[in-house]
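Structural features, examined
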Amino acid sequence: MSQAPNLEELQRQALAELAQAGDAAALETWRVRYLGKKSVLIQTLRALGGLPPDERRAAGARANQLKVALESGFAERKRVVETLALAAGKEALDISLPGGPVLLGRLHPITAVVREICGIFMRMGFEIAEGPDVETDYYNFEALNIPADHPARDSFSTFWVERQAGSAGPPLLLRTHTSPVQIRVMEKRQPPVRVIAPGRVYRYEATDATHESMFYQIEGLAVDRGITMADLKGTLAQFARLFFGPERKTRFRCDYFPFVEPGMECAIDCFACGGKGCRMCGNSGWLEILGAGMVHPEVLRRVGIDPDVYTGFAFGMGVERMPILKYGIDDIRLFYSNDLRFLRQF
Ligand code: PHE
């Protein structure tokens, strides 16, 4: 061949013409011109054999690229033209065509995990309770032993909600945890109480791989005569075994939350390394999964439950953390960015 044809220009022109092809005849004319035996493309491909080997590779790759672009463009345009013709009633419906696959929906991974966790506690006799996302200062803080000047408020960066002009009432906020549901439940009924409360919570924080401004928590509460820390430990150990695997061990250490006394944090032995220490558990061998404790007598008193007669335990866990640990997910934001490539894996 004397001079290599300008394939870029050819592709541009071919695709521009293709976009104009409006019926089957025009499509066929286009196909013969650009993909037929005598087309520049096919001739170029044929002539490759005559090129010196070092030129052949690059020229071949480029010509093939063009071929793929033209063929897929053609197939796509053909579909469009056929669909339009069908819609215009020009062509009979071909009922022998196989149907396209119907994509089934699926549960969002967080919905699935919430249901799985609630299912585990329901089998232990807990029932589901719910509360509003927009809470009052009283339920989110005050009733939980966190008065306005309490330093614990700093650890809950709060989204405050402005009231409509003219509407009076207590300060509103987006709940920073699911613990206010404890108060709402205990206000309404007398012990025995055994509830699990899943829901969204909000924190006014910059997002990064481990922080979202909206995430899920699941709260647990049991109040009755004679409930002890042994009940709390047994319940959480059983949960860890059912959710993370039968060989899981649990560890309890002191922690502080104003609404429980004593308060603790619960960890499971790292299933990635079996407790030896690895990247996932920060070399500690343990993974923290939740906060818990015995309901503070002051909290019981405020909802009219006599702490000399009744005791209770409570716990609260972050939901996203569970699949993050279980499946080794490295960015919490993946759950809420609506990327189907991520969501379809569950
Ligand atoms: N509400 C606490 C938090 O969000 C967790 C918690 C719940 C701790 C119940 C103890 C008892 O951090």
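Residues numbered from 1 in each chain as written. Predicted model: local features only at pLDDT ≥ 70, side-chain atom pairs only at ≥ 80, totals over all residues. Heavy atoms only, no water.

**Comments concerning the packing of aromatic side chains**
The relative placement of two aromatic rings is captured by the distance of their centres and the angle of their planes. For clarity, the threshold we go by: Aromatic contacts are taken between Phe, Tyr and Trp rings whose centres are within 6.5 Å, Trp giving its six-membered ring; a plane angle under 30 degrees counts as stacked, one over 60 as edge-to-face, and the others as tilted. Only DSSP runs of H or I covering at least 4 residues are called helices, and only runs of E covering at least 2 are called strands; the numbering of each starts at the N terminus. Exposed residues in this analysis have more than 50% of their type's maximum accessible area, buried residues have under 20%, and partly exposed residues fall in between, with area computed by a 1.4 Å probe over protein chains only.
One pass over the full model with this rule turns up 17 aromatic pairs. The interplanar angle of 15° and the centroid separation of 5.7 Å between the aromatic rings of Phe239 and Phe243 together place this pair among those described as stacked. One end of the pair, Phe239, and the other, Phe243, are both in helix 8 (residues 229–244), four residues apart, so they sit about a helical turn from each other. For the pair Phe239 and Phe243, one class covers both residues: buried.

**A look at the side chain of His177**
Where we set the bar: We define a polar contact as two N or O atoms separated by no more than 3.5 Å, with the added condition that, inside protein, one atom must be a possible hydrogen donor and the other a possible acceptor, whereas residues neighbouring each other in sequence contribute only through side-chain atom pairs. Contact criterion: two residues are considered in contact whenever any of their non-hydrogen atoms come within 4.5 Å of each other.
If you trace the backbone, His177 turns up in the loop between strand 4 (172–174) and helix 7 (180–188). Within polar-contact distance, the side chain of His177 engages the backbone oxygen of Asn140 at 3.0 Å. Reaching out from His177, the side chain makes a polar contact with the side chain of Ser179 at a distance of 3.5 Å. Other than its neighbours up to four places away in sequence, His177 contacts Asn140, Leu144, Phe156, Val201, Arg203, Gln217 and Phe259.

**Regarding the domain arrangement of the protein chain**
To be explicit about the condition: Reported domain spans reflect what an automatic or database domain assignment gives.
Assigned domains of the protein chain: these are domain 1 (7–90) and domain 2 (109–132 + 176–343). Centre-to-centre separation of domain 1 and domain 2, based on C-alpha positions: 60 Å.

**A look at the nonpolar core**
Where we set the bar: The nonpolar core is taken to be a set of buried Ala, Val, Leu, Ile, Met, Phe, Trp, Tyr and Cys residues, with the residues joined through side-chain atoms within 4.5 Å.
Ile117, Ile289, Phe315 and Met317 are the most contacted members of the largest nonpolar core, which has 45 residues in total. Per-element accounting of this core gives the leading share, seven residues, to helix 5 (residues 109–123). Beyond its immediate sequence surroundings of up to four residues, Met317 is in contact with Ile117, Phe121, Tyr216, Gln217, Ile218, Phe239, Ile289, Leu290 and Met322. Counting 27 residues, the second-largest nonpolar core is a separate cluster that includes Tyr139, Val195, Phe259 and Ile305.

**Quick word on the pattern of salt bridges**
To be explicit about the condition: Salt bridges are identified by distance alone: a Lys or Arg side-chain nitrogen within 4 Å of an Asp or Glu carboxyl oxygen.
Taken as a whole, this structure holds 21 salt bridges when the rule is applied. Arg184 is paired through a salt bridge with Glu135; the nearest N and O atoms lie 2.7 Å apart. Residue Arg184 is located in helix 7, and its partner Glu135 is located in strand 2 (residues 134–136); the two are separated by 49 residues in the primary sequence. Measuring nitrogen to oxygen at the nearest pair gives 3.5 Å for the salt bridge that ties Glu247 to Arg248.

**Things to note about the packing of helix 1 (residues 7–20) against helix 4 (residues 53–87)**
Basically, it comes down to this: Where helices are involved, their axes are fitted lines through C-alpha atoms of the stretch in contact, as for all axes, and angles between N-to-C directions lie from 0 to 180°. Roughly parallel means an angle under 35 degrees; roughly antiparallel, over 145; roughly perpendicular, 65 to 115; everything else is oblique.
Relative to each other, helix 1 and helix 4 sit at 5°, their axes nearing to 11 Å. With respect to helix 4, the element helix 1 is oriented roughly parallel. In contact with Leu7, Glu8, Leu10, Gln11, Ala14, Leu15, Leu18 and Ala19 of helix 1, helix 4 contributes Arg62, Ala63, Leu66, Ala69, Leu70, Gly73, Phe74 and Arg77.

**A word on unusual backbone geometry**
Residue Pro192 is reached from Pro191 by a cis peptide bond, and omega for that bond is 5°. Unusually for a residue other than glycine, Asn145 sits at a positive phi of about 75°. Secondary-structure assignment places Asn145 in the loop between helix 6 (137–140) and strand 3 (160–161). Of note, the phi angle at Asn283 is positive, near 65°, even though the residue is not glycine. Within the fold, Asn283 resides in the loop between strand 8 (260–269) and strand 9 (286–295). Exposure remark for Asn283: the relative accessible area of 61% places this residue in the exposed category.

**Side note on the site of the ligand**
Threshold: It suffices for a single heavy atom of a residue to lie within 4 Å of a molecule or strand for the residue to be listed as near it. Here the Shrake-Rupley method, with its probe set to 1.4 Å, supplies the accessible areas, and only the displayed protein chains count as covering residues. Only Asp, Glu, Lys and Arg are considered charged in this grouping, and only Ala, Val, Leu, Ile, Met, Phe, Trp, Tyr, Cys and Pro are considered nonpolar; every other residue, Gly among them, is considered polar.
Looking at the ligand, there are 15 residues lining it, with His177, Ser179, Arg203, Gln217 and Gly316 nearest. Interatomic distance of 3.0 Å between a side-chain N/O atom of His177 and a nitrogen atom of the ligand. Note that a nitrogen atom of the ligand is positioned 2.9 Å from one of the side-chain N or O atoms of Ser179. For the ligand, whose accessible area on its own is 330 Å², the fraction buried by protein is 92%. Taken together, the elements giving at least two residues each to the shell around the ligand come down to strand 6 (214–224), strand 9 and strand 10 (311–318). Split by residue class, the shell around the ligand holds seven nonpolar, six polar and two charged.

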